[in-house]
Amino acid sequence: MEALASSGQISEACRFALHLYNTQKREGFVFSRELGYPALLIGAKTLLDSGGWIGGNLSSGESEWFQSEEEAKDSRHSRRNRIACADLALKIAQQVNTENQGNILQVRAQKLISEIIARPGVEVQPAVLYEAAEGHYNEGNNEAAIAGLKQVLDALDDADEATRIELAPKTYYYLGRSYQQLDRHLEAIMAFREGVTTYRGDPEFDAYSAQQLYKSADRMRKTIRDDEHIMAMFSEAETIAAQLSEANK
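Position labels on residues start from 1 in each chain and follow its written sequence. Where local features are concerned, this predicted model is filtered to residues with pLDDT of at least 70; where side-chain atom pairs are given and counted, the filter is 80 or more; whole-chain, interface and lining totals use all residues. Values shown for side chains rest on all heavy atoms present in the structure; no hydrogens or waters enter the calculation.

Let's shift gears to the overall build of the protein chain. Strands here are runs of E lasting at least two residues and helices are runs of H or I lasting at least four, both read from the DSSP assignment and numbered beginning at the N terminus. When its secondary structure is counted, the protein chain shows twelve helices and three strands. Here the term buried applies to any residue with accessible area under 20% of the maximum for its type, exposed to any over 50%, and partly exposed to those in between, with areas from a 1.4 Å probe on protein chains only. Classification of the 249 residues of the protein chain by burial places 47% in the buried group. We call two residues in contact when some of their heavy atoms are within 4.5 Å. Within the protein chain, residue pairs in contact and separated by at least 24 positions form 58% of the contacts whose partners lie at least 6 positions apart. Accessible surface area values rest on a Shrake-Rupley calculation with a 1.4 Å probe, where residue burial reflects the displayed protein chains alone. Accessible area of the protein chain: about 13,400 Å², with a carbon and sulfur share of 47%. Here the positive residues are Lys and Arg and the negative ones are Asp and Glu; neither His nor the chain ends is included. Working definition for charges: the position is that of NZ of Lys, CZ of Arg, CG of Asp or CD of Glu. The protein chain carries 27 positive and 38 negative side-chain charges, and their two centres are separated by 3 Å.

Before going further, it helps to spend a moment on the nonpolar core. The definition of a nonpolar core used throughout is a set of buried Ala, Val, Leu, Ile, Met, Phe, Trp, Tyr and Cys residues joined through side-chain atoms within 4.5 Å. Ranked by size, the top nonpolar core spans 66 residues in total, and within it L47, I54 and L88 carry the most contacts. For this core, the element with the highest residue contribution is helix α5 (residues 85-99), accounting for eight residues. Those residues in contact with L47 that sit more than four places away from it in its chain are C14, A17, L18, I54, W65, C85, L88 and I92.

Only the contacting stretch of a helix is used when fitting its axis, a line to C-alpha atoms as for every element, and angles between N-to-C directions run 0 to 180 degrees. Where helix α3 (residues 36-50) meets helix α6 (residues 104-117), the closest approach of the two axes is 11 Å, and the angle between their N-to-C directions is 5°. Classed by the angle they form, the pair α3 and α6 counts as roughly parallel. For the pair formed by α3 and α6, the contact residues are Y37, P38, L41, A44, K45, L48 and D49 on the first element and L105, R108, A109, L112, E115 and I116 on the second. The nonpolar class holds Ala, Val, Leu, Ile, Met, Phe, Trp, Tyr, Cys and Pro. Asp, Glu, Lys and Arg form the charged class, and all remaining residues, Gly among them, are polar. Classifying every residue of the contact of α3 with α6 gives nine nonpolar, no polar and four charged. Oblique is the label for every angle not falling under 35 degrees (roughly parallel), over 145 degrees (roughly antiparallel), or within 65 to 115 degrees (roughly perpendicular).

For the rest of this paragraph, the subject is the pattern of salt bridges. A pairing counts as a salt bridge when a side-chain nitrogen of Lys or Arg comes within 4 Å of a carboxyl oxygen of Asp or Glu. Counting across every chain of the model gives 13 salt bridges. Note that E236 is salt-bridged to R193, the shortest N-O span being 2.9 Å. Linking E236 in helix α12 (residues 228-247) with R193 in helix α10 (residues 185-197), this pair joins segments that are 43 residues apart in sequence. We classify R193 as partly exposed; its relative accessible area is 32%. One salt bridge connects R221 with D218, and the closest N-O pair in it is separated by 2.5 Å. With a gap of three residues between them, R221 and D218 both fall in helix α11 (residues 205-223), about one helical turn apart. For D218, a relative accessible area of 13% puts it in the buried group.

The next subject is the packing of aromatic side chains. In this analysis, rings of Phe, Tyr and Trp, with Trp reduced to its six-membered ring, are considered paired at centre separations within 6.5 Å, and the interplanar angle assigns stacked below 30 degrees, edge-to-face beyond 60, and tilted for intermediate values. Overall, the coordinates contain eleven aromatic pairs when judged by the stated rule. Here Y174 and F205 contribute two aromatic rings whose centre-to-centre distance is 6.0 Å and whose plane-to-plane angle is 65°, an arrangement assigned as edge-to-face. With Y174 in helix α9 (residues 161-181) and F205 in helix α11, this pair connects stretches of sequence that are 31 residues apart. The exposure classification of Y174 matches that of F205, with both residues buried. Each ring is checked for a lysine NZ or an arginine CZ that lies within 6 Å of its centre and within 35 degrees of its normal; such an atom marks a charge sitting over the ring. The cationic tip of R15 hangs over the ring face of F16; the distance from NZ or CZ to the ring centre is 4.8 Å. Positioned over the ring face of F234 is R221, at 4.1 Å from the centre of the ring.

Structure representation (structure tokens):
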């Protein structure tokens, strides 16, 4: 795939990318972390860069590449069985992300997700934006993580309540952590506080955010002494941390 794409043989590169994808759909084998998933990501990147379209039934492993949607339509693939290569690349990247929690393949998948959603005309759900932002965080790219996490929060304004409840607590947590790692503790406090007040109730991130809220508030208290506003922040953080600690006993 890489050799063909680099030599300008895009159609052949995409044919091999789909051969891998289609064969797995038909036979149901499990991808290995050493070769299978990396090849799947290369295939997704190849399809993305082609700018083409896919025609055929994805779930049954009968898809093929076309240079344009018109070509796919002319080959009698119905609208239901036509998809832009960028959309399939995103689908593949999300699959790799989901199936490789906590290892380098997840980071690579999240980087690809970030690249895909940056392409003009690509519209994605808040959960996809979160995956991309988490990828920046996992790489230690805190400025990009902050920008991405804020993008998630903007998207959540128009999302349904279930989506907000699912994503907001961890989004605010990682936003706070990103600020912390840049030594921007006042902004970190605001993020953690929002997560454990407006969205209190998350069984995992309530405790995480409360702990980090207290740490950042304590850091500010020791850095800026005898300031009534900082002391009020610390007092509130201490109360929140104690409440959630008691609730989790």
